[in-house]
Structure formats: structure tokens, C-alpha cells
Protein chains: 2
Amino acid sequence: MNPDVFEKLLEIGTALSSVHDLDLLLDKILSYAQVLTNADGASIYLIENNKLVFKVSRNNTFFKQWGEAKTRETFKSFELPITKESLSGYVAITAHPLNIKDVGQLPPESDYHYDPTFDKKYNYKAVSMLVIPMLDNEDKVIGVLQLINAMEGEKIIPFTDEHVKITCSLSSQAAVAIQNTKFAGQLKEAHYDTILRLSIASAYRDKETTNHIKRVAEYCRLLANKVGFSKEDTEILFWASPMHDIGKLGVPDAILQKPGILTPEERKTMEKHTIMGAMVLKDSKAKVLVTSRIIALTHHEKYDGTGYPQGLKGNEIPAEGRMVAIADVYDALSSKRCYKEAMPDQEVLKILNDGRGKHFDPDMLDMFIAYIQEAKKIKEFYSDTDKDFDKLSSLGEINLMELLKND
Amino acid sequence: MNPDVFEKLLEIGTALSSVHDLDLLLDKILSYAQVLTNADGASIYLIENNKLVFKVSRNNTFFKQWGEAKTRETFKSFELPITKESLSGYVAITAHPLNIKDVGQLPPESDYHYDPTFDKKYNYKAVSMLVIPMLDNEDKVIGVLQLINAMEGEKIIPFTDEHVKITCSLSSQAAVAIQNTKFAGQLKEAHYDTILRLSIASAYRDKETTNHIKRVAEYCRLLANKVGFSKEDTEILFWASPMHDIGKLGVPDAILQKPGILTPEERKTMEKHTIMGAMVLKDSKAKVLVTSRIIALTHHEKYDGTGYPQGLKGNEIPAEGRMVAIADVYDALSSKRCYKEAMPDQEVLKILNDGRGKHFDPDMLDMFIAYIQEAKKIKEFYSDTDKDFDKLSSLGEINLMELLKND
């Protein structure tokens, strides 16, 4: 064995486990597979919806000819049915590796055949080929790793048994990495799903709709992006903002749903929703909940210090609170509620501008207004219908047996 | 290089990435390190609270002498201050590996020294030693991996440069695995923290306390354990149960908080909280939320079919719903509420038994009563004080600046 192979193998485990982005990781695995087997081309297909979907690929010939970007773009959207006739389909079904010296010389009675369409289209010649199943923890095939044309200088040679072993090891690592990413993704999704559902549920008693919660989150993301929040901070704000009014759970119906103007005493109780929200969320270490707490507490502060509950001024108000203030007011003005129609754009803009430097952070407001067309698109995408306002009307039509299903 | 080493290295990446339990994983990494370097002993220390805390260890000599269980038990709780004097402390501070031929022959002017206390106490003799820093993605030391006594038959020999390379690769993989586990743990914690907080918040308007939510979850865990739920299903039930009354958000204060007896019409509205809860949670793919939905919908069904909303009978009621029914009623009877005292144990038991086969699943009830002493311990641990009932009383004393902190 080449001593370089030893060094490479030592590197791989570390290198792979330190990559968090799945596409980067798969690409890295392919590049190791290429280096260790001297293959001209390498691809990964994953099984999705009963098809083999092309995920990443590297090909030295095309990289030289077209450059990396064009190669990747060209081969981006490609999928295959899973049938025993194709090489990758055969491997996906049988879970057995195929090591073929020359795909052009497969006997006609063979179960599988090489489809030369691709080669003809792109003027490429595949000769030796190694197709390896990617097995997950439970030995289920989740995809295949394919290597094309083992090279010795300019000559195409067959893949060796050592190549098979090395590639099997790499493909298992890829499979497990894919699974880990999937698990992490599912957990994250579950977390965010919970936040959104419970936030929506708690807005139930209020005059707000499900879409209000979603729109405010989207406006916040838009604004955070524009004012230069990092990708991570933007995402956290997006998921923290739905809980901004969670403290309204502590406000009695008689005040929360009162049609007329509140008495000073009622107003005081109503304003406490900021503090109660922060109380519900206090002492959590989770980043999203920490940000939610800060937003709950500060989204009614005003830039000139006349807001509540603390009368904070300017930059004393955390950026997240200043952003939700703009998003929340914009949404209240620009969308229909059960008790009012949506306000015309010009009036909305006037009110926002009147609040510049008084209610709202002037720089953030300018930024928001600069991108108001994008905000309008969000508004339209999540617009409310009459049904959204009458939240309990549909309870009678529900199929309870559907709700009982465990799947 | 030994061809076995090549085979082992191919195995490792796959083997490591398929282990999800962190302790098992670290143990596996140590066993690979032992096999690849022929070391008698191997340990991992992690940095926690500015100390080196002993996590896992393997030692062939002690395994032979005492067996694995006793060895692990003996060396379980062990920690070291991080100072340059000790070998592991030196490596933790400098991030440089140490490969020492004979720890007994270190020159007195050396920066670091070997502490023979352990050897004397357990009649062991450490000679050659390899101490490798465990570096995370950002090259920060998170712990050290220590190998003791490279063996050649019965003879202790020094560790080689190849051993250093192999062990560095393994220790990086361990470090990254530890980090991945930590990330996954944090995300899970964030998810569950959110469920609990929002469930508690939504019980705010009700006569329930924070502790009620926690007690019901604990009773469910106890019962699920006893009726043979898997560890995973038990955990899911534990985290799904807090949301059982989430649909009460759709019940007006006038009904939810009415002191007297409800009119038939009010009762009908009240009973809708089961359906509304299921509606809030419908269409989620997250396991916890699916279980929550089923619990929300079915926790007021009765075993004899006289419950609501569907009048399901016996095993038509999902097991989770039957368990929450017992837990919820037991808690309502046995604990104090703002409007009533706790009921004496004998009366509680009588009411539960009267409901056997009528309200409650008879087998589950028998099981719960068989372990009633454990339930009582839970009740005492999460018992309510007067302060717990007066949820808004403390709002005046809150330090708002504390709630504003972002850390």
C-alpha cells in the first residue's frame, strides 16, 4: 500500500467529522475517494422518493474542460429510476458493490447495462467503474457512490480490491454523515414547529391570526438581513419573534378582547404582557428563548424613550426589539383585522415615517422602507382570508378519527 | 506498517460514526487507540469547569485483575486541576502532544512531572506514556487522550511516531464526536425547554400551577416505564404530556375561570379544548407533537366509553391518553389547588379504584397503584407553595434589567 494512502486515511476521519455542511462533506468524501483510487470521476446519488437523485459529483476531465462551476451546474438536476437494469439501480436494489473493468464490454446476458447516453451527449468515455452502496446504521441502502475511470497516468485501468475496500469505508462514513445531518435537521424542525404552533395557539385569544405571526417573523428576517445580522443571528431572530406576545396569556379576556378604549388601569395590565412574556422565558439557556425573552420585554419600547415597560431609549433597546417593533406595527397597519380593513400603502408609509426617530430606530426604518416591496410580497404571500379570522368556525367539520392517527 | 493497521483504519471511521451514545463512542475510540498502539491503558479526560475530568478508561491489566465493571467503577469519579506540572495539564494548556519513554526518568528540571500516587495506590507501574490534546473544530483543547505502556509481548516499549499520528487522528475524531453530541444535546434541551415553558404559560389562565404540568409528566414517565414502554417512547410521552391542555387557550375566561358549576352549553365549549388542542398540533411530523396531539384529543376519554370528545372505549383509546387520564386525575385529587385542599391518600385511592374499568384502564390503574409510593415522592418533590398559586403577585419585584441581559 502506498504510504500516502495511510496518511490520507488518518486525515479523513478528522477532516470529515469537522465539516458540518452536508454538501461540502459529500464533496470532500468524493475528493478523498478520487485521490485514494485515482478516479477521473466520482458521484453520489441518494435515494429520494423511490428515485436515485444525483447529489454531488467531481470529474477531473470536465473540471479541466469547463471549470468546476460549469461542471456542477450542468450535472445538477439529474435523477434515475431505481431499476435493476442500470448499474446504480442494481447496486441500490441488491446492496452489492459492482467493480466493472469495462462498462462497454458487459455481456448482453448481464442483469445490468451501462447507459451510454451521458457519454455520447458530453463526449466522454467511461471504461472502468466502481459502484458502491451507501448503507446506513441499519444496513439500509440510502444511496450509491460511483467512481469512474481509475487512471494510471493517461491510461484507464480497472479499480483494485483495495479501492473497493477504501471506497466502502468512505461510503459508509458518507451514509452516516447524511443520517446525522438528517437527524439534526429533524430535531431542529421539531423545535421550530413547536415554537410556531404554541405561539399561534397563544395568539388564539387575541385578535391576531396565524399569518400575523408568520408575517412578523418574515419581516424580521428581511430587516435583519439588510442591517447585516449574521445568518445565524437572523435565523434566531426569525424563530424568536413568534413568541413576542406570549405574555398576553396573562392578560384577562375582559381586557384583551375589550372592543372599546382601555381605562388607565386596564392599560397598565395590558402593558404587563411584556414583563409576563419575559418571565415565562427567563433562565433558559437556549439561544432562541433568550432572544424571545428580550423581544417580549422590549418590543413596545420606543426609540425616543416614551415606550414601555422600561422607557428605554435609542440603542438601550436591543436591536431585536427595535426590529420587531417596526415589523409588528407595519403588520398591524397594513393588514386586515377582524375589526378593520387594511390601511392603504401611502398612509402606512406616512405613519411609519412620522414615527422615525420617535417610535422607530431611524436607520432601521429607512432600511425597512427601502425594501418595502419585499415586505409587500411577504404580506401577499401570507394574506388572511375570512376563514382565518373565524378560528373556531371549522371545529364542527373536523374528522376526529384523522386527528387520532399515529403516523 | 502492519496491514492490520490499514484494515483497522478503514473500519474506524464507519464504526465511530455509527455509535450515537457518547460514552460508548469514547470507549470505542479508546479501544481502537489501544489496539493500534498496543497500549496497556487508555483514558480520556475532558475539560469541565476548568478541571480535567476523567471520562472513560480502559486498562488491560486491571480488566484482567478486577474485571471491567470494577475497574470502571473504581476510576469513575476522578478529576485533576489544570496546571502545567501534571502531564495531562501540560498538554491541555500547551495543546502539544507529549511522547515520554519513561515517566519515572523525567529530569527534575522538566516543566512537567509524573504523579505516582495512582500507581502506588493501585500497585501499577506506568513507564511509556503518550498524551495527546483533543482539539475541536476551532483548535481549542477540549480534553486529553492518554495512553500508557506500549506493549511488545510482556515488555513495555516506547510509543512510536506512527502511534502519535494515529492517536492524534483518533483524538480529533473523538473531539468532534463530543462536540456533535453536545450540539445535539443543546438542541434537544432547547426543544424541551420550549415545550415546557409554553405549556406552563398556557396553563397560566387556568387554575393549574407550573408544578402540575411537571408532576403529570413525571407520573406518566413512571407509569410508561412500568407498563413496558421503550425508553424512547417513555421519553416522548414525558415531553408530550405537558401539552395535554393546550386547547384551553381556546376556552374563554368566563368559562375557564367560572367558580360555580358550568351550564350544559358552557360545558360543551369547555370539552372542546380536547379538539382545539389536537387542531393546534395537527399535521406536525415531529414525534413529540404527534403524541401531544393524540393526548390532547384523548385524555378525557373514559375506559367504558362515557368520556369525550369521541366516546372511545377500552383500547380504542391510545395508551398515552389512558395514562395521562390517570396521571391528570391523580394529580387533581392529591394536590392542593387555590380553591381546595389536597385530598387524603385513602380517599384518593378510593376514587381511583371506583373508576377502575369505568374511567380508567384497569391494568394501568393497578400498575399505577402498585407504585403509588413513587408517585407520592414525585408529588412531594414538586409540591406547590402559596406563591405558586399567586402567579402575578411577584411581578412588582422583578428586576427588569436582569430580564434584558443577553447571556
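Reading guide: rules and limits
- Residues numbered from 1 in each chain as written.
- Chains lettered and ligands numbered in written order.
- Predicted model: local features only at pLDDT ≥ 70, side-chain atom pairs only at ≥ 80, totals over all residues.
- Helix = DSSP H or I, 4+ residues; strand = E, 2+ residues; numbered from the N terminus.
- Rg over C-alpha atoms; globule rule 2.2 N^0.38 Å.
- Buried ≥ 20, exposed ≤ 12 C-beta atoms within 10 Å, placed from the backbone.
- Contact = placed C-beta atoms within 7 Å.
- Nonpolar A, V, L, I, M, F, W, Y, C, P; charged D, E, K, R; others polar.
- Domains from an automatic or database assignment.
- Axes fitted to C-alpha atoms, helices over the stretch in contact; angles between N-to-C directions.
- Parallel < 35°, antiparallel > 145°, perpendicular 65-115°, else oblique.
- Left-handed = near helix turned anticlockwise from the far one by under 90°.

Student: What is the right way to read the overall build of chain A from this model?
Tutor: When you go through chain A residue by residue, the secondary structure sums to 19 helices and seven strands. On C-alpha atoms alone, chain A measures out to a radius of gyration of 29 Å, which is more than a quarter above the 22 Å that the 2.2 N^0.38 rule sets for 407 residues. The dimensions of chain A, computed from C-alpha atoms along their principal axes, are 90 × 50 × 40 Å. In chain A, buried positions account for 42% of the 407 residues.

Student: Explain the interface of chain A and chain B here, please?
Tutor: By a widespread convention, an interface's size corresponds to the accessible area lost as its parts come together. Taken together, the contact between chain A and chain B spans 63 residues of the former and 63 residues of the latter. For the side of chain A that touches chain B, the elements supplying multiple residues, two or more each, are helix H1 (3-17), helix H7 (161-202), helix H10 (253-256), helix H12 (273-281), helix H13 (287-298) and helix H19 (400-404) of chain A. Taken together, the residues of the side of chain A that touches chain B sort by class into 38 nonpolar, 15 polar and 10 charged.

Student: Could you clarify how one ought to interpret the domain arrangement of chain A in this entry?
Tutor: Split into domains, chain A comes out as domain 1 (3-182) and domain 2 (203-404). Put simply, the middle of domain 1 of chain A and the middle of domain 2 of chain A, counted by C-alpha atoms, are 49 Å apart.

Student: Would you mind going over the packing of helix H14 (residues 319-334) of chain B against helix H15 (residues 345-354) of chain B with me for this structure?
Tutor: All names here are of chain B. One way to put it is that H14 packs onto H15 with a least axis distance of 10 Å and a crossing angle of 150°. Classed by the angle they form, the pair H14 and H15 counts as roughly antiparallel. Judged by the twist between their axes, the crossing of H14 over H15 is right-handed. Seen from H14, the contacting residues are Tyr 330, Leu 333 and Ser 334; seen from H15, they are Val 348, Ile 351 and Leu 352. Broken down by class, the residue content of the contact of H14 with H15 amounts to five nonpolar, one polar and no charged.

Student: Is there a simple way to explain the environment of B:Val141 in this structure?
Tutor: Residue and element names in this part refer to chain B. Along the chain, the position of Val 141 falls in strand S6 (residues 141-152). Classification of Val 141 as partly exposed rests on a count of 17 C-beta atoms within 10 Å. Separated by 71 residues in sequence, Val 141 and His 212 have C-alpha atoms that sit 43 Å apart. For Val 141, the residues in contact, after removing those within four places along its chain, are Ile 47, Ala 92, Ala 95, Pro 133, Met 134 and Leu 135.

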